[in-house]
Amino acid sequence: MRAGLLSDPHVVALLRELFVPVHISALNTPDCMRDPRDAELLRNAIADDTDDFDGGEREAFVLPDGTMTRVFLSLHGREVGEHRSVAEHFTAEGRRAEAVVRTFRERGAMALTSVHGELPARWRQLWDDDDPTVAAIARMQPRWPVPPVGEAAFRVFARNSYKMYDDLHGVELAGVTAAEQREWLAPLAEGRRAVLPASAFVTLARAMVPRGQVDTELGVDAIAGELALVPERSANGRIEGRVEGRFDLAPKSLAEVGKRESAACLFESRGRLVGEFALDIATATLRLRVVARDVDFEWHSRGGWIDEWFEPWHRVAIEWVATDS
């Protein structure tokens with residue numbers, strides 16, 4: 001499912017109560033499947049009134065007897081069968097429009113009826129805005145990813161410059177090992193500038209890439225730069241200062257930017273990293289926030305890509321997250 005459905009509190013409530021939701025990441029893209037027979041199986045399940053598995057998320061209901069209903073796409077911006085543009089997923093407004101849930105509502109009702117003979121009462125109740133379960137979900141705040149217990153990571157937020165998406169962004173963790181963390185922070189105790197180890201910077205840079213492609217993983221040679229902590233004040237076992245750095249991302253091959261060739265587009269992005277940090281020496285508690293500044297970003301459009309789709313910007317925000325053991 002794309003963000004439109006999963007940002008609808010009715011759908012979230014229904015999935016929790018009446019279905020067993022399962023998410024298989026990226027495996028709906030033939031290029032990412034290890035066995036070509038899997039791709040052919042899914043192609044045979046594509047309904048005539050939706051598009052193929054070129055990309056994006058798709059939905060299907062699997063019945064208790066193992067039968068999978070026809071695969072469908074809730075969100076797209078084109079005419080489908082007798083319906084006019086079921087949903088426009090390119091804008092935040094479009095993803096929150098009532099039309100977003102139309103196809104899910106139709107297919108979900110069909111799946112439940114085929115199993116129960118009729119729709120459960122909760123199906124109707126959970127489409128009501130005033131239902132307590134729906135209202136509680138609507139009030140929930142985002143839950144950002146956190147590292148496993150006892151580990152630490154950079155939490156990286158990145159946005160790209162597709163004009164057709166007004167809100168396309170991603171968030172992921174870039175893990176830092178305990179050894180990398182010790183090496184990084186050790187110079188601060190002596191009042192010296194502390195540079196993030198190169199191995200950890202590569203992990204961080206891979207999480208900073210612009211969104212919109214499939215399984216982007218830049219090669220080491222495509223990444224340059226550094227992230228450093230510069231101590232400026234020290235008192236009562238606490239060190240504070242600024243974060244400074246730079247990044248230069250320049251993939252050389254399409255394989256680095258996307259596992260699905262039709263969505264792969266080379267780019268270059270370089271800029272400064274600026275922010276602030278505070279370290280409690282006794283507890284080794286680090287607080288850090290960083291943003292990208294003065295970014296020089298360029299898409300290298302090719303093939304079916306249209307230059308008018310893009311604006312030349314790439315935005316990144318980073319924070320440090322650690323979980324207690």
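Please read all numbers here as calculations on a predicted model, not as lab measurements.

**Observations regarding the nonpolar core**
Part 1 of the argument: The biggest cluster of nonpolar side chains holds 43 residues, and the ones touching the most others in it are F154, W184, L204, L227 and L288.
Part 2 of the argument: Those residues in contact with F154 that lie beyond four places of it in its chain are E172, L173, A174, V176, W184, L196, L204, L227, L288, I318, E319 and W320.
Part 3 of the argument: Formed by 22 residues, the second largest nonpolar core is a distinct cluster that contains L15, F72, L119 and W127.

**As for the pattern of salt bridges**
Part 1 of the argument: Counted by the stated rule, this structure contains 17 salt bridges.
Part 2 of the argument: Here R122 makes a salt bridge to D131, at a shortest N to O gap of 2.9 Å.
Part 3 of the argument: One salt-bridge network, held together by shared partners, links R193, E226, E232, R233, R238, E240, R242 and E244.

**Overview of the side chain of R211**
Part 1 of the argument: One can find R211 in the loop between helix 9 (198–207) and strand 4 (223–235).
Part 2 of the argument: The class for R211 is buried, based on a relative accessible area of 12%.
Part 3 of the argument: Reaching out from R211, the side chain makes a polar contact with the side chain of E172 at a distance of 2.7 Å.

**Some points on the packing of aromatic side chains**
Part 1 of the argument: Using the criterion set out here, one finds 11 aromatic pairs in the structure.
Part 2 of the argument: A connected cluster of aromatic rings, assembled from ring pairs, spans F19, F61 and F104.
Part 3 of the argument: Above the ring of W127, the side-chain terminus of R105 is found at 4.3 Å from the ring centroid.
Part 4 of the argument: The lysine or arginine in question, R315, covers the ring of W313, its NZ or CZ lying 4.2 Å from the ring centre.

**Considering the confidence of the model for the protein**
Part 1 of the argument: When pLDDT is averaged along the protein, the result is 84; 80% of the residues meet or exceed 70.
Part 2 of the argument: Mean pLDDT values for the elements of the protein range from 68 in helix 1 (residues 3–6) up to 98 in strand 3 (residues 194–195).

**Comments concerning unusual backbone geometry**
Part 1 of the argument: Its identity as a non-glycine residue notwithstanding, N236 has a phi of 55°, on the positive side.
Part 2 of the argument: Here N236 lies in the loop between strand 4 and strand 5 (238–249).
Part 3 of the argument: The exposed category is assigned to N236, whose relative accessible area is 85%.
Part 4 of the argument: Within the chain, D294 stands out as a residue other than glycine whose phi angle is a positive 50°.
Part 5 of the argument: Secondary-structure assignment places D294 in strand 7 (residues 285–300).
Part 6 of the argument: Assessed through its relative accessible area of 58%, D294 is described here as exposed.

Here is what the cut-offs are and how they apply
- Residues numbered from 1 in each chain as written.
- Predicted model: local features only at pLDDT ≥ 70, side-chain atom pairs only at ≥ 80, totals over all residues.
- Heavy atoms only, no water.
- Core = buried A, V, L, I, M, F, W, Y, C linked by side-chain atoms within 4.5 Å.
- Buried < 20%, exposed > 50% of the residue type's maximum accessible area, 1.4 Å probe, protein only.
- Contact = heavy atoms within 4.5 Å.
- Salt bridge = Lys/Arg side-chain N within 4 Å of Asp/Glu carboxyl O.
- Helix = DSSP H or I, 4+ residues; strand = E, 2+ residues; numbered from the N terminus.
- Polar contact = N/O pair within 3.5 Å; in protein donor to acceptor, adjacent residues only side chain to side chain.
- Phe/Tyr/Trp six-rings, centres within 6.5 Å; stacked < 30°, edge-to-face > 60°.
- Lys NZ or Arg CZ within 6 Å of the ring centre and 35° of its normal.
- pLDDT = per-residue confidence, 0-100.

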